[in-house]
Amino acid sequence: MSEVDVPESHPRYESLLTRHRIEAGVEKGITSKQGLIAQGRGEAFDYLLGEQTIPSADRAARAAAAHLLLAEKPVLSVNGNVAALVPGEMVELAETTGAEIEVNLFNRTETRMEAIADHLRDHGADEVKGLTADARIPGLDHERAKVDADGIYAADVVLVPLEDGDRAKALAEMGKTELVIDLNPQSRSTQTAAVPIVDNIIRSIPNISKHARDLTNAPEADLADCIETFDASEALEAAEKRIRQGDLS
Ligand code: ATP
């Protein structure tokens, strides 16, 4: 038996585990109530994808790993859903790629910021950014613009899972390379991303870490090649095609 009291062989195991983690996140004050709705929307897309990492999402995860390894200053952005679903996995990805972690909320409250930072520390994070909030993303209203000057503001590559479309667009306009994980291939976030990963974050973060471990000692030219050969539009088209026409059997 596992965290959700159902065996891992249960056909809806992953979905039940995800729901359980989000619910626990809300109870702990980590995830907002809107986060529950966002999760529901994601689940619908995941169901239509067959709840699996499709080949184009795997290629995107590899390109994302290459970007993180080549970056000067990579930062992983964490919101309430991400913290509830994959806290330990985010810490592992940060360690594998040398990235920093920054808490970044759509509905920012100091209590929730602190709760998420504590939760990440409980899962092994040494340093969690986002609480200083001494810089602003241009073009966004005050609360949603807040970031750390030596975190997301200064980053060249940012992983923004489940990001809201406005912020994804504003970060791209700052010239950052955005790696987005989002199950909706039509969302503004995936449409803006240099690397859109249309996959469930529960599968995707460990998959990016796996690719990063695999690429750790690769020559820079191989990493650059991995980035250059990745085609964002093709990945979005492949995901949409699978969602619209996929065989669920
Ligand atoms: P946008 O503003 O980018 O056009 P949106 O308004 O749909 O998109 P939100 O509802 O703010 O975005 O965010 C939820 C997004 O996160 C949805 O696109 C949903 O598919 C995605 N999502 C939810 N849960 C997961 C998950 N577990 N893994 C990956 N993506 C998820």
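Our subject in this report is the structure included herewith. Just so it is clear, the model here is predicted, and its values are computed rather than measured. (Residues numbered from 1 in each chain as written. Predicted model: local features only at pLDDT ≥ 70, side-chain atom pairs only at ≥ 80, totals over all residues. Heavy atoms only, no water.)

### Side note on the packing of helix α3 (residues 55-70) against helix α10 (residues 201-215)
Packing of α3 against α10 leaves a shortest axis separation of 8 Å and a crossing angle of 55 degrees. Here α3 is positioned oblique relative to α10, judged by the angle of their axes. Crossing hand, α3 versus α10: right-handed. Here α3 contributes D58, A61, R62, A64, A65, A66, L68 and L69 to the contact with α10, which in turn contributes N207, I208, H211, A212, D214 and L215. (Axes fitted to C-alpha atoms, helices over the stretch in contact; angles between N-to-C directions. Helix = DSSP H or I, 4+ residues; strand = E, 2+ residues; numbered from the N terminus. Parallel < 35°, antiparallel > 145°, perpendicular 65-115°, else oblique. Left-handed = near helix turned anticlockwise from the far one by under 90°. Contact = heavy atoms within 4.5 Å.)

### Some details on the site of the ligand
Around the ligand sit 17 residues in total, of which D182, R188, S189, N200 and I201 are the nearest. Interatomic distance of 3.0 Å between a backbone N/O atom of I201 and a nitrogen atom of the ligand. Summarising the interface, the protein chains cover 85% of the accessible area of the ligand, which totals 640 Å² for the free molecule. Mapped onto the shell around the ligand, the elements with two or more residues apiece are α2 (33-48) and α9 (188-192). At 5 residues, the largest contribution of residues to the shell around the ligand is made by α2. Taken together, the residues that form the shell around the ligand break down as 6 nonpolar, 7 polar and 4 charged. (Near = heavy atom within 4 Å. Polar contact = N/O pair within 3.5 Å; in protein donor to acceptor, adjacent residues only side chain to side chain. Areas by Shrake-Rupley, 256 points an atom, 1.4 Å probe, with all protein chains shown as cover. Nonpolar A, V, L, I, M, F, W, Y, C, P; charged D, E, K, R; others polar.)

### A short note on the packing of helix α1 (residues 13-27) against α2
Direction vectors running N to C along α1 and α2 enclose 170 degrees, while the axes themselves pass 11 Å from each other. Relative to α2, α1 is oriented roughly antiparallel. Across the interface between the two elements, E14, S15, T18, R19, I22 and V26 of α1 pack against L36, Q39, E43 and D46 of α2. Of the residues assigned to the contact of α1 with α2, the class counts are 3 nonpolar, 3 polar and 4 charged.

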